[in-house]
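Chain residues, written in single-letter form:
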Amino acid sequence: RDANMLANRLNRVDDGKGNAPVTGVIIDLEMGDAGLALLDQCKQHDANLTVVAFGSHVATQVLRAASEHGADHVMPRSQFSSQLSEILQMLCAG
């Protein structure tokens, strides 16, 4: 949702919330620049952390930007929705 929440999860801060190691991050590119900033934050924390980014099929610039910012998997929302089960299995396998 925001940089502070993401930092807490990545750094496993004991704040009463889930504190398991992060094996992957899913970013909705509808967040615009904030979504790309979260993507950058993930990759700066751990370049090997798997990031899946999805957005509108017509938002080709933001989809391309997500690839350029290092997202491992970038896809339109329809593909994300249809493959969600597989994506979650992949991320959980870490």
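The paragraphs below set out a description of the structure included in this document. A quick note: this is a predicted structure, and the numbers were derived from the prediction, not measured.

This paragraph deals with helix H2 (residues 33-45). Between its terminal C-alpha atoms H2 stretches 18 Å, which fits the 18 Å expected from 13 residues at 1.5 Å a residue. Looking at H2, one finds that the buried residues are Gly-35, Leu-36, Leu-38, Leu-39, Gln-41, Cys-42 and Lys-43. Summarising the contacts, the buried residues of H2 are in contact with helix H1 (3-10), strand E1 (24-28), strand E2 (50-55) and helix H3 (60-68).

Where H1 begins, the side chain of Asp-2 points an oxygen toward the backbone nitrogen of Asn-4, at a separation of 3.0 Å. Where H1 ends, the next residue or the one after it, Arg-12, has phi of about 55°, a positive value.

A few words on the sheet that holds E1. Reading across from one edge, E1-E2-E3 is the order of the three strands in this open sheet, with parallel pairing throughout. Among the strands making up the open sheet, the edge pair consists of E1 and strand E3 (73-76). Across this sheet, the average inter-strand angle for adjacent strands is 15°, counted without regard to direction. With four bridges joining them, E2 and E3 adopt parallel strand pairing. From the neighbouring strand, Phe-54 faces E3, where its bridge partner is Met-75. Sitting on the sheet, helix H5 (residues 84-93) is in contact with E1, E2 and E3, with an inclination near 160° to E2.

So, about the state of the cysteines. With the rule as written, the count across this model stands at zero disulfides. The closest cysteine sulfur to the non-disulfide-bonded Cys-42 is located on Cys-92, 16 Å from its own sulfur. A relative accessible area of 0% means that Cys-42 is categorised as buried. The exposure class of Cys-92 is exposed, given its relative accessible area of 65%.

One way to put it is that H1 packs onto H2 with a least axis distance of 10 Å and a crossing angle of 25°. Judged by the angle between their axes, H1 and H2 are roughly parallel. Every pair of crossing elements has a handedness; the one defined by H1 and H2 is right-handed. Between H1, through Ala-3, Leu-6, Ala-7 and Leu-10, and H2, the contact on the second element is made entirely by Leu-38, Gln-41, Cys-42 and His-45. Grouping the amino acids of the contact of H1 with H2 by side-chain chemistry returns six nonpolar, two polar and no charged.

Calculation rules
Residues numbered from 1 in each chain as written. Predicted model: local features only at pLDDT ≥ 70, side-chain atom pairs only at ≥ 80, totals over all residues. Heavy atoms only, no water. Helix = DSSP H or I, 4+ residues; strand = E, 2+ residues; numbered from the N terminus. Expected span 1.5 Å × (residues − 1). Buried < 20%, exposed > 50% of the residue type's maximum accessible area, 1.4 Å probe, protein only. Contact = heavy atoms within 4.5 Å. Polar contact = N/O pair within 3.5 Å; in protein donor to acceptor, adjacent residues only side chain to side chain. Pairing = 2+ DSSP bridges. Axes fitted to C-alpha atoms, helices over the stretch in contact; angles between N-to-C directions. Disulfide = S-S within 2.5 Å. Parallel < 35°, antiparallel > 145°, perpendicular 65-115°, else oblique. Left-handed = near helix turned anticlockwise from the far one by under 90°. Nonpolar A, V, L, I, M, F, W, Y, C, P; charged D, E, K, R; others polar.

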